[in-house]
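So you can see what is in the structure, the chains are spelled out below.
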Amino acid sequence: MGELPGIVVTGASGRMGQMLIRTVLESDKARLVGCLERPGHDWIGRDVGTAMGGAEVGVTVTDDALEAFARAQAVLDFTAPAATVEFAKLAAQARAVHVIGTTGLAPEDIEKIGKAAHHAPIVRAGNMSLGVNLLVRLTRQVATALDADFDIEIVEAHHRHKVDAPSGTALMLGAAAAEGRGVDLDTVSDRGRDGITGARERGHIGFSAVRGGDVVGEHEVIFYGAGERIALRHMATDRALFARGALKAALWAQDQAPGEYDMMDVLGL
Ligand SMILES: NC(=O)c1ccc[n+]([C@@H]2O[C@H](COP(=O)([O-])OP(=O)(O)OC[C@H]3O[C@@H](n4cnc5c(N)ncnc54)[C@H](O)[C@@H]3O)[C@@H](O)[C@H]2O)c1
Ligand SMILES: O=C(O)C1=N[C@H](C(=O)O)CCC1
C-alpha cells in the first residue's frame, strides 16, 4: 500500500484549525504533514501538538505556505478571505487539492479562486456537513413547489466570534431557494432590516443573523404562508462535523481533475 495522503492545515490555532488537526491525527486515511499560521503568530516554530496543549506530534507550525504545500497532497483551509485567495494560488502551484471552508468571500475572491482551479482541484463550501447540504437540496425542492404566496425567511445563529454575516450556509440556502423559484438572489435579497423598512416585498428572501455565546451553527428556512408555515432546520452541535466533511472532501478530490467542486459533488447529492 502507498503512503497515506499528506495534509496541511492552515489557521492551525483557530477554532476550526485545531479541530481539523485533531481529525487528521485521528484518521487512518491521511497523515498530518504541515500546519500554518499567519506571520508573527506565537505558534510559529512550535510543535503543533504541544501548542494545542497535548503531546508532541512531530509537526512544526510554519508561516511558509508554499514550502508546506509542496510536501502535501491536500490543504484544509478555514481561515479568512485574503489568506484563502493567496493559499488558492500557492496550492495550485504545488498541484495540491485545496479544500476551502472559509466564508465571507467577495465575488472577486471567488473569481481568483476559480482561476487557481485550472491547475488543481478545489472543493469549496460554506458548510461541509451532510445535513446542511441535504437541507440545501430540500430548500430548493420546497421553493420550487411553493409560489411567492409563501414568504421565505432564513434565520441563522452562530457564536459571538463569527466575523461575517449572513453565514456562508445561509447564503447557500438563499441561493437554493432563489434557484427553486427561478429568480436571482441578488435582486430579491433582504438583509439587515432596520427602521421604517416598509412592508415586506412579495417574492423577497429575508436573512437574519443572531450572534452569541458558543453556538456552533443553527440554520432555519421558513416558508410563511397564509394560515400555515413550513420550517426546515439544521443544528450543528459539534465542529468536528465540519472537519470530518473537509477531510472527506480532501480524500475524494485526490482522484478528480483540476476544477471547482462543492460538497454536493463530494457527497453525491
Ligand atoms: N465551511 C464550513 O463548514 C465552515 C465551518 C466552520 C467555520 N467555517 C469558516 O471557517 C473560517 C474560520 O473559522 P474559525 O471559527 O476557525 O475562525 P478563527 O478566527 O478561530 O480561525 C482562523 C484562523 O486563521 C488564521 N489565519 C488568518 N490569516 C492567516 C494567514 N494569512 N495564514 C495562516 N493563518 C491565518 C488565524 O490566525 C486564525 O488562527 C470562517 O470563515 C468560518 O466562517 C466554515
Ligand atoms: O463558525 C462559523 O463561522 C461557521 N461558519 C460557516 C458558515 O458561515 O456558514 C458554517 C457554520 C460554522
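Residues numbered from 1 in each chain as written. Chains lettered and ligands numbered in written order. Predicted model: local features only at pLDDT ≥ 70, side-chain atom pairs only at ≥ 80, totals over all residues. Heavy atoms only, no water.

**Points about the site of ligand 2**
Where we set the bar: The near set for a molecule or strand comprises every residue that places at least one heavy atom within 4 Å of it. For this analysis, a polar contact is any N or O atom pair within 3.5 Å, provided that within protein one partner can donate a hydrogen and the other can accept it, and provided that sequence-adjacent residues contribute only side-chain to side-chain pairs. Per-residue accessibility takes into account occlusion by the displayed protein chains alone, with areas from the Shrake-Rupley method and a 1.4 Å probe. Gly is placed with the polar residues, together with every amino acid not listed as nonpolar (Ala, Val, Leu, Ile, Met, Phe, Trp, Tyr, Cys and Pro) or charged (Asp, Glu, Lys and Arg).
In the vicinity of ligand 2, the contacting residues are Thr 103, Gly 126, Asn 127, His 158, His 159, Lys 162, Ser 167, Gly 168, Thr 169, Val 216 and Phe 242. Between ligand 2 and Gly 168, the relevant distance is 2.8 Å, taken from an oxygen atom to a main-chain nitrogen or oxygen of the residue. Look at ligand 2: alone it shows 320 Å² of surface, and the protein chains cover 86% of it. Looking at the shell around ligand 2 residue by residue, the classes come out as two nonpolar, eight polar and one charged.

**Some points on helix α7 (residues 168–181)**
An α-helical segment advances 3.6 residues per turn. Residues three or four places apart therefore align on the same side. The line we're drawing: Secondary structure elements are defined from DSSP: runs of H or I of at least 4 residues count as helices, runs of E of at least 2 residues count as strands, and each element is numbered from the N terminus. The span expected for a helix works out to 1.5 Å for each residue beyond the first. Note on classification: 1.4 Å probe, protein chains only; a residue is buried when its accessible area is under 20% of the maximum for its type, exposed when over 50%, partly exposed between these limits.
End to end, α7 covers 20 Å across 14 residues, agreeing with the expected 20 Å (1.5 Å per residue, within 8%). Within α7, 11 of the 14 residues are buried, leaving the element largely enclosed by the surrounding structure. Listed as buried for α7 are Gly 168, Thr 169, Ala 170, Met 172, Leu 173, Gly 174, Ala 176, Ala 177, Ala 178, Gly 180 and Arg 181. Gly 182 sits one or two positions beyond α7 and adopts a positive phi of about 75°.

**Re the sheet that holds strand β8 (residues 189–191)**
Basically, it comes down to this: Paired strands are those between which DSSP finds at least two bridges. Note on method: axes are straight lines fitted to C-alpha atoms, helices fitted across the in-contact stretch only, with angles between N-to-C directions ranging 0 to 180 degrees.
Overall, mixed pairing links the five strands, which are arranged β8-β9-β7-β10-β11 in an open sheet. Pairing within the sheet leaves two strands with one partner each, and these edge strands are β8 and β11 (229–236). Neighbouring strand axes in the sheet, compared pairwise and without regard to direction, differ in orientation by 15° on average. Where strand β7 (residues 151–158) lies against strand β9 (residues 205–211), seven bridges are found, and the strand directions are parallel. Among the inter-strand pairings, Glu 153 is bridged to a residue of β9, identified as Gly 206.

**What to know about the UniProt feature "binding site: (S)-2,3,4,5-tetrahydrodipicolinate" (unreviewed entry) in the protein chain**
Heads up, the rule is: UniProt positions are given in the numbering used here, feature names are shortened, and annotations may be inferred rather than shown by experiment. Between two residues, a contact is recorded if the distance between any of their heavy atoms is within 4.5 Å.
UniProt tags His 159, Gly 168 and Thr 169 as "binding site: (S)-2,3,4,5-tetrahydrodipicolinate" (unreviewed entry). Looking at the secondary structure, you find Gly 168 in helix α7. On the basis of relative accessible area, Gly 168 is assigned to the buried category, the value being 14%. Tracing the chain through its elements places Thr 169 in helix α7. Not counting the four nearest positions on each side in its chain, Thr 169 is found in contact with Gly 126, Asn 127, Val 132 and His 219. For Thr 169, the side chain forms a polar contact with the main-chain oxygen of Gly 126, separated by 3.4 Å.

**Some details on the pairing of strand β6 (residues 121–124)**
Which entries qualify depends on this criterion: We call a crossover right-handed when, viewed with both strands directed away from the observer, the connection leading from the first strand over the helix to the second proceeds clockwise.
Two elements, strand β5 (residues 97–100) and β6, share three bridges in a ladder whose sense is parallel. Its bridge partner being in β6, His 98 is matched across the sheet by Ile 122. The parallel pair β5 and β6 is bridged by helix α5 (residues 107–116), and the resulting crossover is right-handed. For β6 and strand β12 (residues 259–261), the ladder comprises three bridges, and the chain directions are parallel. Directly across from Val 123, in β12, lies its bridge partner Tyr 261.

**Observations regarding helix α9 (residues 240–253)**
Compared with the 20 Å implied by 1.5 Å per residue over 14 residues, the 20 Å span of α9 between its first and last C-alpha is a close match. Regarding α9, the residues found buried are Ala 240, Phe 242, Ala 243, Gly 245, Ala 246, Leu 247, Ala 249, Ala 250 and Ala 253.

**Here's the deal with the nonpolar core**
What counts, and what does not: Only buried Ala, Val, Leu, Ile, Met, Phe, Trp, Tyr and Cys residues count toward a nonpolar core, and they belong to the same one when joined by side-chain atoms within 4.5 Å.
In terms of nonpolar packing, the biggest core is built from 38 residues, with Ile 7, Val 48 and Leu 76 touching the most fellow members. Those elements giving two or more residues to this core turn out to be β1 (6–9), α1 (15–26), β2 (31–36), α2 (48–51), β4 (74–77), β5, α9 and α10 (263–267). Considering each element in turn, this core owes the most residues, eight residues, to α9. Judged by nonpolar contacts, the second largest core, of 23 residues, contains Val 132, Leu 135, Ala 143 and Phe 223.

**A few points about the confidence of the model for the protein chain**
Note the threshold: Scored from 0 to 100, pLDDT records how confident the predictor is in each individual residue.
The share of residues in the protein chain with pLDDT of 70 or more is 100%, and the mean pLDDT across the chain is 98. Here the predicted complex carries an ipTM of 0.99, next to a pTM of 0.98.

**Focus: the side chain of His 219**
As for its position among the elements, His 219 is in strand β10 (residues 217–224). Here His 219 is in contact with Leu 135, Val 155, Glu 156, His 158, Ser 167, Thr 169, Ala 170, Leu 173, Leu 232, Arg 233 and His 234, once residues within four sequence places are set aside.

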